[in-house]
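# Structural description and commentary
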Amino acid sequence: MTQNVQIPPAELIHQDELRFLQHFDSGPRPPGWRLTPRAVVQFIVGTGGEKLKLAAGTKAPEGVAQSLAICEKFVGQRELVERCVVTLASERGLLLVGEPGTAKSMLSELLAAAVSGTSALTVQGTAGTTEDQIRYGWNYALLMARGPHPEALVPSPVLTGLRRGAIVRIEEVTRCLPEVQDALISLLSDRRMAIPELDEAVDGEGGTRIEFAAPGFNVIATANLRDRGVSEMSAALKRRFNFEVIAPIADIEREKNLVRSRASASLARVDQSFQLDEAVLEALVTAFRDLRSGRTVEGWSVEKPTTVMSTAECVSVASSIGIQAAYFPSERDVASLIPGYLLGVVLKDDAQDRGRLLAYWDSAVTRRAEGGGRLWKRLLELRSVLEEHHGRST
Ligand SMILES: Nc1ncnc2c1ncn2[C@@H]1O[C@H](COP(=O)(O)OP(=O)(O)O)[C@@H](O)[C@H]1O
Ligand SMILES: [Mg+2]
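The model shown is predicted, which means the values in this text are computed figures rather than measured ones. In every chain, residue numbers begin from 1 and rise along the written sequence. Chains carry letters from A onward and ligands carry numbers from 1 onward, assigned in written order. Where totals are concerned, whole chains, interfaces and linings use all residues; where local detail is concerned, this predicted model gives features only for residues with pLDDT of at least 70, and gives and counts side-chain atom pairs only at 80 or more. The basis for every side-chain value is the complete set of non-hydrogen atoms in the structure, without hydrogens or water.

## Describing the state of the cysteines
- The definition used for a disulfide is geometric: two cysteine sulfur atoms within 2.5 Å. On inspection of all chains with the given rule, the structure shows zero disulfides.
- The thiol of Cys 71 is not disulfide-bonded; the next cysteine sulfur, from Cys 84, is found 18 Å away.

## Considering the site of ligand 1
- Neighbouring residues are identified by heavy atoms, a residue being near a molecule or strand if any of them is within 4 Å of it. Lining the immediate environment of ligand 1, one finds 16 residues, of which Val 75, Gly 101, Lys 104, Ser 105 and Met 106 sit closest.
- Under this definition, polar contacts are N or O atom pairs within 3.5 Å; protein pairs additionally need one hydrogen-donor-capable and one acceptor-capable atom, and for neighbouring residues in sequence, both atoms have to be side-chain atoms. Here Lys 104 contributes a side-chain N or O atom positioned 2.6 Å from an oxygen atom of ligand 1.
- Between ligand 1 and the protein, one listed contact pairs an oxygen atom with a side-chain N or O atom of Ser 105 at 2.7 Å.
- Here the shell around ligand 1 is built from residues that sort into eight nonpolar, four polar and four charged.
- Counting contributing residues per domain, the shell around ligand 1 is built from domain 1 (76-245) and domain 2 (252-390), each supplying no fewer than three. Each residue receives one of three labels: charged for Asp, Glu, Lys and Arg, nonpolar for Ala, Val, Leu, Ile, Met, Phe, Trp, Tyr, Cys and Pro, and polar for the others, Gly being one of them. Residue ranges for the domains originate in an automatic or database domain assignment.

## Section: helix 16 (residues 374-381)
- Accessibility here uses a 1.4 Å probe with only protein chains present; expressed as a share of the type maximum, an area under 20% marks a residue as buried, one over 50% as exposed, and anything in between as partly exposed. Note on conventions: DSSP H or I runs of at least 4 residues are helices, E runs of at least 2 residues are strands, and numbering of each starts at the N terminus. Restricting attention to buried positions, one finds in helix 16 the residues Leu 375, Trp 376 and Leu 379. Projected down its long axis, helix 16 carries its buried residues within an arc of 100°, all on one side. Opposite the buried face of helix 16, by more than 90 degrees, sit the exposed residues Arg 374 and Glu 381.
- Note on contacts: a residue pair is in contact if any heavy atoms of the two residues lie within 4.5 Å. Buried residues belonging to helix 16 abut helix 12 (278-293), helix 14 (338-346) and helix 15 (353-370). Note: the arc covers the axis-to-C-beta directions of the helix.

## Re the environment of Met 233
- Residue position: Met 233 is located in the loop between strand 10 (218-224) and helix 10 (235-238).
- Residues Met 233 and Ile 321, 88 residues apart in the sequence, show an inter-C-alpha distance of 40 Å.
- Excluding residues that lie within four positions of it along the chain, Met 233 makes contacts with Leu 95, Thr 174, Gln 181, Lys 238 and Phe 241.

Rendered as structure tokens:
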């Protein structure tokens, strides 16, 4: 399956690591968990190149490696990941909040894959998300033919997770309408779901069928700070979650390494021979960080555009430039592609952001060019690409 789909789920991409970790750490696990909490953290933050070895005498099935280095997946503080894992073993949900593109979704997918072996039990929160998507719906043909009965019930991913004792993911929970968020409150506090349509005879009297959460069930929700919805979540719902704020990657070298590896991987998926230009990578990560923080690496202040300059967006630009350079070789130097793509990222919400990018060119880019940076000199020559009459087509 990994061969023929664009983006396989985490549990499939990393199945070798997950199987290895299952046998590597045989310590006690929270009920319903596939791995120990420690192994979950290791899976997510990696072992820094170090190879873990199965203890002598471990009886691992065929195909499980005897020793394996676990790759780093989420770049961030180990303590944060530890707190997330501890929350999942507790009776509260986990809410990951942060700017777009800080890997909240990725982290929730990795956690679900490691704890429950599946990241597929997911509800995408939107203004159109209905209570059915949190609870259950019906197969109407069966419902009409035989009335409400268990086989006619179509469980939501949440109900499935509750029955199986698995982690359920709710993406962008703050975009859901209040009544949908309310459905989550009782679920998270009572850990059960009532299905009034299914009568269940209790001592000869009709009763409501109640599904109780199996051990291992919990919820990871994500929310974007830019949606401004987190503050509007009801106090009751907030109390049912432990909040973890996910910040952009603090260290420039770690961010460069991440962008390099992600962009190279996405280029390789197009064609094995496609290469990422190191100077372009360097300039892109620098520019993204400068504009994200409003302060350059040298400490000069610059005006921030209103757009989020996320790492995820940087990966996508780096890959696009690599692909364009590969499919249209020798038409232009690769540096000349940078301004157009940067403008595409910056110019989304506010027309004034073009001016802010031009101001960045007139301050930081100019100073670096004057300081002798070759790529920055070239970028300065390309300033006109950013001007309005120039259009985005170049
Ligand atoms: N700290 C990080 N660690 C690993 N990858 C990151 C990190 N920050 C951003 N990324 C990149 O961004 C992409 C994830 O974005 P996503 O999970 O959709 O973000 P969000 O849900 O916060 O908007 C990842 O696939 C990865 O390439
Ligand atoms: Mg997301």
